[in-house]
Amino acid sequence: MTSTSTGGSAAGLQVDPAALDSAAGILDSTGTALADGAPSLRTRPDAGVSTDEVGTALAALAEAVAAVAGEVSATAESLRTTAADVRATDQAVATSTQQRGAGLVP
């Protein structure tokens, strides 16, 4: 296996799918909290003359928070996909090794 980011050998690379799933869960919780909080930022405060400016800033902040929430959720899903890929690769390698050991594969 070769690391595409560095071009070097990735033979010593260790990936723990459970750790990836755990991180995905944390990101899901964070993304949900951000998404749930974003709409409340879209308020129009009664702050006198600056109301329009504050309201515009809060609306922009709400959009930014919602976008971050989406990216955090997408990252969580990517981590889960990576964890599943690692598990599938590990299983394929284990199966291949067992077959070679049994003389089923040259």
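Residues numbered from 1 in each chain as written. Predicted model: local features only at pLDDT ≥ 70, side-chain atom pairs only at ≥ 80, totals over all residues. Heavy atoms only, no water.

Caption draft 1: Highlighting helix 1 (residues 17-37). Under the 1.5 Å per step criterion, the end-to-end length of helix 1 is 30 Å for 21 residues, consistent within 8% with the ideal 30 Å. Here helix 1 has its buried residues at Pro17, Leu20, Ala24 and Gly31. Projection of helix 1 onto a plane perpendicular to its axis shows the buried side chains occupying an angular sector of 50 degrees, all on one side. Along helix 1, exposed side chains directed more than 90 degrees from the buried face belong to Ile26, Ser29 and Asp36. Elements in contact with the buried residues of helix 1: helix 2 (51-101). Where helix 1 begins, one side-chain oxygen reaches toward the backbone nitrogen of alanine 18, 3.1 Å away; that side chain belongs to aspartate 16. (Helix = DSSP H or I, 4+ residues; strand = E, 2+ residues; numbered from the N terminus. Expected span 1.5 Å × (residues − 1). Buried < 20%, exposed > 50% of the residue type's maximum accessible area, 1.4 Å probe, protein only. Arc of directions from axis to C-beta. Contact = heavy atoms within 4.5 Å. Polar contact = N/O pair within 3.5 Å; in protein donor to acceptor, adjacent residues only side chain to side chain.)

Caption draft 2: View of the pattern of salt bridges. This model, assessed by the stated rule, comprises two salt bridges. As a salt-bridge pair, aspartate 28 and arginine 80 come within 2.6 Å of each other at their nearest N and O atoms. Here arginine 80 lies in helix 2 and aspartate 28 lies in helix 1, a separation of 52 residues in the sequence. Residue aspartate 28 is classed as partly exposed on the basis of its relative accessible area of 26%. (Salt bridge = Lys/Arg side-chain N within 4 Å of Asp/Glu carboxyl O.)

Caption draft 3: Looking closely at the nonpolar core. Ranked by size, the top nonpolar core spans five residues in total: Leu20, Ala24, Ala76, Leu79 and Ala83. Within the residue set of this core, elements represented by two or more residues are helix 1 and helix 2. For this core, the element with the most residues is helix 2, which contributes three residues. Once you skip the residues sitting within four places of it in the chain, leucine 79 turns out to touch Leu20, Ala23, Ala24 and Leu27. (Core = buried A, V, L, I, M, F, W, Y, C linked by side-chain atoms within 4.5 Å.)

Caption draft 4: Molecular detail of the packing of helix 1 against helix 2. Contact geometry for helix 1 and helix 2: axes closest at 8 Å, N-to-C directions at 165 degrees. By the criterion of interaxial angle, the relationship of helix 1 to helix 2 is roughly antiparallel. Between helix 1 and helix 2 lies a crossing of left-handed hand. For the contact of helix 1 with helix 2, a count of residues per class yields 16 nonpolar, six polar and four charged. (Axes fitted to C-alpha atoms, helices over the stretch in contact; angles between N-to-C directions. Parallel < 35°, antiparallel > 145°, perpendicular 65-115°, else oblique. Left-handed = near helix turned anticlockwise from the far one by under 90°. Nonpolar A, V, L, I, M, F, W, Y, C, P; charged D, E, K, R; others polar.)

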